[in-house]
Structure formats: structure tokens, C-alpha cells
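# Fold and geometry: a report
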Amino acid sequence: MHKRVVIILGALVVALLAVTAAAARSTADEVLIGWSGDKSGPTVASQAPALAGLRTYFKMVNDAGGVNGHKINMVEKDDAYNVAKELEIVKGFVNDDKVDLVTGIGNSSGFASILPVLNAGKTPALVNQGTLKTNTWPFQPYMFQGNCNYGDQADVALAYGA
């Protein structure tokens, strides 16, 4: 049940960001979202359901006419849970593909390397599965987290158990 809630909330946040991106690109025919995640590595079992949820949600949005008439196009790239590959993919999304949003990013170890790329390109990213505090602290203007970090999770767990 908890995983479903996280996936649904993540999809809704992505949709909200996509609406913002579409409004900013009113002359574009599509909202382009880049997904970098594990499709063939050790964490595919946890990342595949989130990807399936995004695909399903974007299909529903597109079938209903898109976002302000703009279809959502998600480009999926497999980083195989490899930090160097993730960085290469994110650089391509930001510099070559000029995506409106980067999502996926299920490898917490890669955050330090991709943050400068996102900030330089002023490209927003939604992290659904990474849970490092450095994602958002200090404040990162282009990084949005779909769940709370481990420290916050521990605070909640301790408060619940008290």
C-alpha cells in the first residue's frame, strides 16, 4: 500500500512540474521528460514499478489531450544503477535533448555529480527514490524530492514509537 501511495504522489508531482514546464514552453509541441534509472541493474525490482506508474499516468494525461494541449513525451534511458552512466545520461538530457524535467534518478550516490549539471542547465529534476538530505539541503532550486530523506524518516519512526 505504501509503495502505491509513493508512486501515485510521485506521478502527481511530476505532472505538476510538467504543467509548469509546458506553460513555460508554450510554443513547444510536447513536454519532454527524461527518465534515467535502472532497467537492467541490481535495483530494477524497485525502480520498474515507479517507471510503470509514470508511463501509465502520462498515457492517461495524453489520452485526455495532454497538458494544455501539449503531449508528454518521456525518454527512458537505462543507467544500470551506475553513477558514471547516470551522469552521462543526465548531461545528455540537459545539454542535448533539452528536456523540461529529469526524473528517475534512483541512485543516491550520483546526486553530487548531477546537481551541478541540473543547476547549470536550470533543469528541474524530481527524485522519487533517492533519499539523501543533500538532495534538498542546502536548498537546491532545481531538485525536488518525492519522498523524505533517511533522517526525516528516522525522526518520524522515533516519534511514532514514542
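The preceding data block contains the structure.
Here is a short report on the structure shown in this document. (Residues numbered from 1 in each chain as written. Predicted model: local features only at pLDDT ≥ 70, side-chain atom pairs only at ≥ 80, totals over all residues. Heavy atoms only, no water.)

### Digging into helix α5 (residues 150–161)
Counted at 1.5 Å a residue, the expected span for α5 with its 12 residues is 16 Å, and the 16 Å between its end C-alpha atoms agrees. Burial analysis of α5 places just 0 of its 12 residues in the buried class, a small minority of the element. (Helix = DSSP H or I, 4+ residues; strand = E, 2+ residues; numbered from the N terminus. Expected span 1.5 Å × (residues − 1). Buried < 20%, exposed > 50% of the residue type's maximum accessible area, 1.4 Å probe, protein only.)

### A closer look at the sheet that holds strand β1 (residues 30–37)
Either a parallel or an antiparallel arrangement is found when strands of a sheet pair, and the pairing is made through backbone hydrogen bonds. Read from one edge to the other, the open sheet built from 5 strands follows the order β2-β1-β3-β4-β5, with strand pairing classed as parallel. Sheet topology places β2 (71–78) and β5 (143–145) at the edges, where each strand pairs with a single neighbour. Taking the axes of each pair of neighbouring strands and ignoring which way they run, one obtains an average angle of 25° across the sheet. Two elements, β1 and strand β3 (residues 101–104), share 4 bridges in a ladder whose sense is parallel. Each residue of the ladder has a partner; that of Ile33, found in β3, is Leu101. Here helix α4 (residues 111–121) sits on the sheet in contact with β3, β4 (125–127) and β5, set at roughly 130° to β5. (Pairing = 2+ DSSP bridges. Axes fitted to C-alpha atoms, helices over the stretch in contact; angles between N-to-C directions. Contact = heavy atoms within 4.5 Å.)

### Quick notes on the pattern of salt bridges
Tallied over the entire structure, the rule returns 5 salt bridges. Between Glu76 and Lys39 there is a salt bridge, with its nearest N and O atoms 2.8 Å apart. With Glu76 in strand β2 and Lys39 in the loop between β1 and α2 (44–63), the pair connects residues that are 37 residues apart, well separated along the chain. Since its relative accessible area comes to 36%, Lys39 is described here as partly exposed. Among the ionic pairs, Lys59 bridges to Asp63, the shortest N-O distance being 2.7 Å. Taken together, the residues span about one helical turn, with Lys59 and Asp63 both in helix α2 at a distance of 4 residues. A residue is classified by how much of its surface remains accessible, and Lys59, at 51% relative accessible area, is exposed. Through salt bridges with shared partners, a single network forms among Lys39, Arg55 and Glu76. (Salt bridge = Lys/Arg side-chain N within 4 Å of Asp/Glu carboxyl O.)

### Looking at the pairing of β3
Taking every second residue as pointing to the same face, both faces of β3 are buried, with Leu101 and Thr103 on one and Val102 and Gly104 on the other. In terms of handedness, the path from β3 via α4 over to β4 forms a crossover that is right-handed. (Right-handed = clockwise from strand over helix to strand, strands pointing away.)

### Some thoughts on the pairing of β1
Of all 8 residues in β1, 7 are buried; the element is thus mostly enclosed. Across 8 bridges, the pairing between β1 and β2 is parallel. Paired with Ile33 across the bridge in β2 is Met74. Between β1 and its parallel partner β2, the chain crosses via α2, and the hand of that crossover is right-handed.

### Structural notes on the nonpolar core
By size, the foremost hydrophobic cluster in this structure holds 16 residues, and its most contacted members are Val90, Val102, Ile105, Leu118 and Met143. Those elements giving two or more residues to this core turn out to be α3 (83–97), α4 and β4. Once you skip the residues sitting within four places of it in the chain, Val102 turns out to touch Gly34, Val90, Phe93, Val94, Leu118, Thr123, Pro124, Ala125 and Leu126. Ranked by size, the runner-up nonpolar core spans 13 residues in total, among them Trp35, Leu51, Tyr57 and Leu101. (Core = buried A, V, L, I, M, F, W, Y, C linked by side-chain atoms within 4.5 Å.)

### A few points about unusual backbone geometry
Excluding glycine, residues mostly carry a negative phi; peptide bonds, for their part, are mostly trans. Despite not being glycine, Asn68 shows a phi value in the positive range, around 50°. If you trace the backbone, Asn68 turns up in the loop between α2 and β2. By relative accessible area, Asn68 is classed as exposed at 61%.

Function cannot be read off these values alone, since they describe shape.
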